[in-house]
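What the coordinates show
Residues per chain are reported as follows:
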Amino acid sequence: MRKGLGTFAICTTVLALLASAPQQSDAKATIFPTGVTIFNPDKAYLGYFVEVSYKKYANHPNARYRASDLAAEEVYLRDMNGNIVNTWKIPPTTIHRARLQPNGDMIMMDSANGHFYRYSWDGKLLKEFKGIGFPRTDFRVIDDNHIIYLTATTAPKEVAEKAKNVDLEWFGPRHRKGINLVCDMLVISDWEGNIVWQWEPWHELDVNQFSPVTPPHDWTHGNSVFVLPENKWYDQGDKRFKPGNILYNPRNLDMPIIIDRETKKIVWTWTHNELGGLSHCHEVEMIPKGLPGEGNILLFDNGLFPRNRNHVGQSILCEVNPVTKKMEWKYLTQGYSNMAFFSKTMGSQQRLPNGNTLISECNTGRLFQVKPLKNHPDGGEIVWEWIGRASFERSYMVPFDYCPQLAKLPKPKAMRVTPPHNFYVHVKPDELRSNSKDLFIVEDYQEEPEYPVTSGLTSLGFSMSLAQPDELALIEQVKLSPELCQAIFQYSRDNGGFKVPSDLLKVPGMTQEIFSKLSLAKSDYTSDVMYLGPLKGHEVYNPGGDVTKK
C-alpha cells in the first residue's frame, strides 16, 4: 500500500503535446497520450477519482500486450492531474467493482471467484465472504453490514420449457425452448453471506422477451443494480419511486425496470427510440437529492447491437425524467460516421455537484467530465479528460473531504492542461530527432472558418432535418432564437426528420410569419426539406433541379 502523493510519470510536457482530439474513440489511433489530456480547473468539478483497471495493457501499442488478459493488481485513487493518492494492492484478478466508503474502507467484488472483500485505507483485508452463484458486474452498499449484488443463475426447467423457438427475419432461427437460460438473481446479503432478500426474474419478466443477437442461453444479462435514494417523486406521492426500491438493468432486454422491494412486482419500465432505440445499456441509476437533475435517471446507452446505422459505434449518455419518461439531456457526439464516443461494453456516468457529468468510456480507458451546454452540438463541453494505460471498470469521483483520511490531506494543486490542436502536432521522423525526447513537430496554426457547418450542409443543400441547433442559428433570412433552433432540432430527432416544408409549422414556437420568410424546398431525392437561402459565413448553395419549392 502506498500513501501520499506520487507523481504520475506519464503526465509530462512531451506527452501533452500528443494530446490529440479531445474525444478518443474505440477506433482510436495506435499512438496517443495517456494521463490527463484536458483540464480546465475553472469549469471542472475538483476531487479525486477511483481507477479500477480491467485489462492491464488495453492501451499498449503492441497488439500482443493489448490482447492479453493480464489483469491489474492495484486499485488507485488519483487526483485531477493523475497523481496517485492511495493504492490498494489486490491479487491479479477480475475486480469488477471497487467502492470507496465514507470511513476510508474499500469494498471490492471479484467476478472471477465470486468473493467480496473489505479492505482498510491501509490495504489490510478486514472482511471477506463468498457470494452465492456467480456474482457479476455490480453491487451496491446498503449499510455497514449489507450489500446488494447481481449473481448469475439458471431459470427453472419449467420456465425454460415456456421459451419458444422462433424464426426471426434477419437473424434466422432461435432455438430456446428447454435450454439452460442464464439470468440474474438479485441478492441482499450480510457480510456473513446470509441472504435477507432475493428476486428472480422469471416471476415477473416474459421469458420470450430476449435479445436475438446474443447467445440463445443468455437471457437477461443484468449489469447494474441500484437502490433508490430519497427522491422528490416519492415525496410528491408516487409510490413507484419509494426509497429502497430496486432499479435493475437486464441489459439484453433493453428495458431498465424498478422492482417494489416489498411486493417484488415490477412497477416501472423504460426504453427510448433515439437512433433506433436503447442498445444494451449500462449503469442505470437515479440522481440523488441535492445534485442538479435530482430524481432523474442516468444511463450509459452503449450502442451495442443497435437497430439504426447512426447508432453503430455511437454511445449515448441519457438523462431521463422517470415520470414523463422523456429524455431531458443527452451527451451524443456529432459527425459523419461518428465514433468519437463509444464503449462497446461496460461504461458509466456520475452527476457531479456542480452539474457536470463524469463519463467512463471504459473499453478505451477514457474518463472525462462534460459541462452541459444547451446549444452545444454534443450536449456539452469536455472540461477534463484522463486516458488510462488500461481499460477500466466504471470509475467515479469523490470530494476532497469524502473520508477522514482524505480530509487530512492538503488539497492538491489543480494544474491546467490545455491540449494543442491535433491537426498541427506530428511525430518527427527518427533521423530528425536530436535525442530520445525530441519527438514532435508543431506546425503553425491555420485560420479556420468562423462559422463551421457540419451535419446540416449536404451535397444537396442545407438540410433542416440534419442541422444542429448552432447550425440553424446561421440562417440569415430570419433570426431564429436559440429556443426555436433547439425545438427544430428536437422535433426532427423525435419524428425522423422533416418530409415536407409544412412539417416545420408543427415545431413548438414556429410561427407562420417566421415560416413564410424561409426559402424551403422538398428534396425529391432524399425526401428531406432543404433551406435554400444564405447562411452566415457560407456561400448560398444551389442544389439544382432536385427540389420542389414550397
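What this report covers is the structure whose coordinates are included nearby. (Residues numbered from 1 in each chain as written. Predicted model: local features only at pLDDT ≥ 70, side-chain atom pairs only at ≥ 80, totals over all residues. Heavy atoms only, no water.)

**A short note on the environment of Ile297**
Mapped onto the elements, Ile297 comes out in strand β21 (residues 297–301). Spatially, the C-alpha atom of Ile297 lies 6.1 Å from that of Ile287, the residues being 10 residues apart in sequence. Residue contacts for Ile297: discarding those within four places in its chain leaves Leu247, Trp268, Val284, Glu285, Met286, Cys318, Glu319, Val320 and Pro322. (Helix = DSSP H or I, 4+ residues; strand = E, 2+ residues; numbered from the N terminus. Contact = heavy atoms within 4.5 Å.)

**A word on the sheet that holds strand β20 (residues 282–286)**
Spatial ordering of the open sheet is given by β20-β21-β22-β23, a layout of 4 strands whose pairing is antiparallel. The open sheet is flanked by β20 and β23 (327–331), the only strands paired with a single partner. Averaged over all adjacent pairs, the angle separating strand axes in this sheet is 15°, with direction ignored. Looking at chain direction, strand β22 (residues 316–320) and β23 are connected through 4 bridges and run antiparallel. Looking at the pairing, Cys318 lines up with Lys330 of β23. (Pairing = 2+ DSSP bridges. Axes fitted to C-alpha atoms, helices over the stretch in contact; angles between N-to-C directions.)

**Concerning the packing of aromatic side chains**
Aromatic ring pairs are defined here through the distance separating the ring centres and the angle between the ring planes. One pass over the structure, following the stated rule, counts 19 aromatic pairs. On the basis of an interplanar angle of 85° and a centroid distance of 5.3 Å, the ring pair of Tyr48 and Phe400 is categorised as edge-to-face. Placement of Tyr48 in strand β3 (residues 48–52) and of Phe400 in the loop between β28 (396–398) and α5 (404–407) is noted, with a sequence separation of 352 residues between them. Note on Phe116 and Phe139: the rings are 5.7 Å apart at their centroids and 85° apart in plane angle, and the pair reads as edge-to-face. Placement of Phe116 in strand β8 (residues 115–119) and of Phe139 in strand β10 (residues 134–143) is noted, with a sequence separation of 23 residues between them. Taken individually, Phe116 and Phe139 each receive the classification buried, so the pair is uniform in this respect. One cation-aromatic arrangement involves Arg99 over Phe139; the distance from NZ or CZ to the ring centre is 5.6 Å. Positioned above the aromatic ring of Phe368, the side-chain terminus of Arg366 is 3.8 Å from the ring centre. (Phe/Tyr/Trp six-rings, centres within 6.5 Å; stacked < 30°, edge-to-face > 60°. Buried < 20%, exposed > 50% of the residue type's maximum accessible area, 1.4 Å probe, protein only. Lys NZ or Arg CZ within 6 Å of the ring centre and 35° of its normal.)

**As for the pairing of strand β4 (residues 74–78)**
Among the 5 residues that make up β4, 5 are buried, leaving the element largely enclosed by the rest of the structure. Pairing between β3 and β4: 4 bridges, direction antiparallel. By the bridge assignment for β4, Phe49 is matched with Arg78. Pairing analysis gives 5 bridges linking β4 to strand β5 (residues 84–89), with the strands arranged antiparallel.

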